[in-house]
Amino acid sequence: MFYVKLATQNIKKNRQAFMPFLLSMTFLGALNTLMLILANDQGLTKMHGAEALQQLFGFGAVVIIIFSVIFSIYTSSILDKQRKKELGLYNILGLGKRELARLTLVEMFFSFLITAVLGILSGIVFSRIAYLCLKKLLAIGTEFKFVIQPQTLFLVLGIIFLLFVFIYLLSLVSILRSDPIKFLQAAKEGEREPKAKWFVALLGFGALGWGYYLALTIESPVSAVIKFFWAVLLVIVGTYFLFTAGSIVILKLLRKNERYYYNNKHFIPLSGMIYRMKQNAVGLASICILSTMVLVTIGTTASLYFGEQDRIEQNFPRDVMITSVAKTDKLKQDAKAYAKKQGMTVTNVQQLKASEGLLFLREDQGKLKPVIRGSFSPNDADRAVNVVLMDLIDFNQVTGNSYRLEKASDILVYNNDKFSGKTLELGGEKLSIVKNLPRADELGNLGNGVTPAYLVVVRDQSVYDALVNKWYTTKDMENYRTPRYYLNFDIKGSTDKAKRLAFVRGLSRALAKDNSGYGIEFKDSYRQSLKIFDGGFFFIGIILGTAFLLATAMIIYYKQVSEGMDDHDRFVILQKVGMDRTEVKRVIHSQIMMVFIFPLAVAIMHVGFAFPLIKKMLILFGLNNWHLYLIVTLIVIAIFTLIYYLVYQLTARVYYRLIER
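This section reports on the structure supplied with the text.

Reading the values: rules and limits
- Residues numbered from 1 in each chain as written.
- Predicted model: local features only at pLDDT ≥ 70, side-chain atom pairs only at ≥ 80, totals over all residues.
- Heavy atoms only, no water.
- Helix = DSSP H or I, 4+ residues; strand = E, 2+ residues; numbered from the N terminus.
- Buried < 20%, exposed > 50% of the residue type's maximum accessible area, 1.4 Å probe, protein only.
- Contact = heavy atoms within 4.5 Å.
- Pairing = 2+ DSSP bridges.
- Axes fitted to C-alpha atoms, helices over the stretch in contact; angles between N-to-C directions.
- Polar contact = N/O pair within 3.5 Å; in protein donor to acceptor, adjacent residues only side chain to side chain.
- Salt bridge = Lys/Arg side-chain N within 4 Å of Asp/Glu carboxyl O.
- Patch = residues over 30% accessible without salt bridge, like charges linked within 9 Å, V, L, I, M, F, W, Y side chains within 5 Å.
- Areas by Shrake-Rupley, 256 points an atom, 1.4 Å probe, with all protein chains shown as cover.
- Core = buried A, V, L, I, M, F, W, Y, C linked by side-chain atoms within 4.5 Å.

Attention now moves to the overall build of the protein. In terms of regular secondary structure, the protein is built from 19 helices and 11 strands. Counting over 661 residues, the protein shows a buried share of 51%. In the protein, 81% of the contacts between residues at least 6 apart in sequence involve partners at least 24 apart.

As a further point, take the sheet that holds strand β10 (residues 484-492). Taken in spatial order, the four strands make up an open sheet running β2-β10-β1-β11, and their pairing is antiparallel. This sheet does not close on itself; its edge strands, each paired only once, are β2 (345-354) and β11 (518-522). Averaged over neighbouring strand pairs, the angle between their axes works out to 15° when direction is ignored.

The next subject is the side chain of N32. Within the secondary structure layout, N32 lies in helix α2 (residues 15-39). By relative accessible area, N32 is classed as buried at 2%. Among the polar contacts listed, one links the side chain of N32 to the backbone oxygen of L28, at a separation of 2.7 Å. Discounting residues that sit within four places of it in the chain, N32 has contacts with I64, I65, S68, V156 and I159.

This part covers the sheet that holds strand β8 (residues 429-436). Taken together, the seven strands give a closed barrel; going around it, the order is β3-β4-β7-β8-β6-β9-β5, and neighbouring strands pair in mixed fashion. Ignoring which end each strand starts from, the neighbouring axes of this sheet average 40° apart. Pairing of strand β7 (residues 423-426) with β8 involves four bridges; the strand directions are antiparallel. Within β8, the position partnered with T423 by the bridge is S432. The sheet contacts of helix α13 (residues 392-399) involve β5 (384-391), β6 (410-415) and β9 (453-458), and relative to β5 the element is tilted by about 85°. Along the sheet, helix α14 (residues 461-471) contacts β3 (358-364), β4 (367-370), β5, β7, β8 and β9; its crossing angle with β5, the most-contacted strand, is approximately 145°.

With that settled, the discussion passes to the pattern of salt bridges. Oppositely charged side chains are able to pair whenever their charged atoms sit close together. Evaluation of the coordinates by the stated rule reveals 10 salt bridges. Note that R500 and D319 form a salt bridge whose closest N and O atoms lie 3.2 Å from each other. Residue R500 is located in helix α16 (residues 497-514), and its partner D319 is located in the loop between α11 (308-315) and β1 (320-324); the two are separated by 181 residues in the primary sequence. By the burial criterion, R500 is buried, and D319 matches it. Put simply, D391 and K353 hold a salt bridge, and the shortest N to O gap is 3.7 Å. Here D391, found in strand β5, pairs with K353, found in strand β2; they are 38 residues apart in sequence, far enough to count as distant. The network of salt bridges with common partners includes D319, R500, K523, D524 and R527.

Turning our attention to the environment of R500. Relative accessible area serves as the criterion here: at 11%, R500 is assigned to the buried category. Among all residues touching R500, those that are not within four sequence positions of it are D319, I491, S494, T495 and D524. Of note is the side chain of R500, whose polar atom sits 3.3 Å from the backbone oxygen of I491.

For the rest of this paragraph, the subject is a nonpolar patch on the surface. A contiguous nonpolar patch, built from V62, I66, V69, I70, F166 and L170 and spanning about 500 Å² of accessible area, is present on the exposed surface. Of all elements in the fold, only α3 (51-92) and α5 (150-177) reach the threshold of two or more residues within the nonpolar patch. Ranked by residue count, the leading element in the nonpolar patch is α3, at four residues. Counting through the fold element by element, I70 comes out in helix α3.

As a further point, take the nonpolar core. If you look at the biggest cluster of nonpolar residues, it comprises 87 residues, and the most contacted ones within it are F21, F57 and F539. Listed by contribution, the elements that provide at least two residues to this core are α2, α3, α4 (97-138), α5, α10 (267-306), α17 (523-576), α18 (581-620) and α19 (626-660). In contact with F21, other than residues within four places in its own chain, are T75, S76, L79, M108, S111, F164, I167 and Y558. With 24 residues, the next largest nonpolar core counts Y454, L467, W471 and Y480 among its residues.

Read these as geometric descriptors, not functional statements.
Written as structure tokens, this is what we have:
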């Protein structure tokens, strides 16, 4: 009973230390409840095309659990640091380490109860709101229902319990390894002036520069995925080294500048920052990394969501797209007959013939070598090129042009590879470029892809055959030599989404009865699956962004409280030696502004250097409109900066109160 009473008193009296910890853990509980309820929703299994969404929610739940472990360790370490002096005093007054361990266990148990109840209840409320938001984002019907499964709540309870067990074990180790004197002196730890570690600082700048170099020099979207994690790892390592060692080097260089340092506006803030940068650097680096995560996560997912229509029009210039190894005349007749029977009309029909996308490797500018997809190595991703061959008669007929090619080696070329030469060498054949073509909308999505694409128009079918027969010689390569026939058309007669989806599914079944060797894709089905994926991805981005934002806010709060407690005595001395309250406030404001602008500025710099890399990765999702990504990113940066400033203002008040009390 003694420990219960003492633990409740400690939690009540140390509200300033316990409240942020309990709020953080409650939020983590709510976040896990939300994600696990969504990930285990049975309605998702009944929705057409929701498999990817279910995988996304499952991935999000795993990320949130990992984030919960990391962030709970951080918040508990701050709580332990703030309470070490109190525990040391208990130790001196007669409580041994065993008694302190029991007291901490009771405190953790009460904290667990508060967190579990509030976290799960608030998580259920947020889940209900999330379901309404998701229905709006995904444009889905009644199959997606809000149902609370008991096993999900027990799973959340288990996660929260394990988090508190882990936190208690860390606290127990700290208690067993410390002595009363160290407990009492814990508040003074980290106050020695740190040394300027030039080697670590140079390593930090080197890692950061290498990460930036990777982000700026990656050419292929495929290689962007491969090298993305290396770039991220280098930037994270470089950021921590930059803040822990590089910042001290820079501050000491500023101190050597007498004109800057011996200025009443800079002297005290700069001295204070050098004096205590060692213990603050990790927190500031964490703020920077988390801020970068918020900006990148929400910026990319929002771009995909708002760029949905661009991706649909790019991939589906017409409502129905059919690819066949045989001529498509019968497919066209069957499609028209079925549409007429259903009261619909087939319009804007397009028939064309071209090769499938042929994989080439860029050996030099304007020099491409054919390669079999089965032998393609990921190391060659930066050199991969997609080539589509088409003869001149088909091209002119589809586009309405009247181009002429006199020689067998003459070609017309469209490419998105920034190539504008006069000669193109394909598999050892030197071909003369008569004209570099602009993009022809009539060709639909021919020549589009995640790799650089070339649409090569040759004089006639005989030239086409000669080229592919030279490149692909064996029997197992016959598929590459066979041209593809494309039938694309729009359907008119209804704007109702459900009716159109029912029609295209019925059309697919009707064509399958009398035809073979073809593939069919529908814009309406693609739009539905894209809506589900993008909406779910955007929702995950909002959830993760919110989690990272909360972590940023809590770190800022803890930093302000920690600094306020440490700086109180220093600023009392400053007032005693002649500084008035106005001057003290000005010095405080200058110091914390310098400290908190730095992580935000570096985070924005990280996003700027990551822009080319993320722009290429978005191509893998079909988003080529980098202007949209730029606009969305700038808006996200503006909103985040405003929220960051508001958090700073709110937490600065806590700092001022601690300084002036």
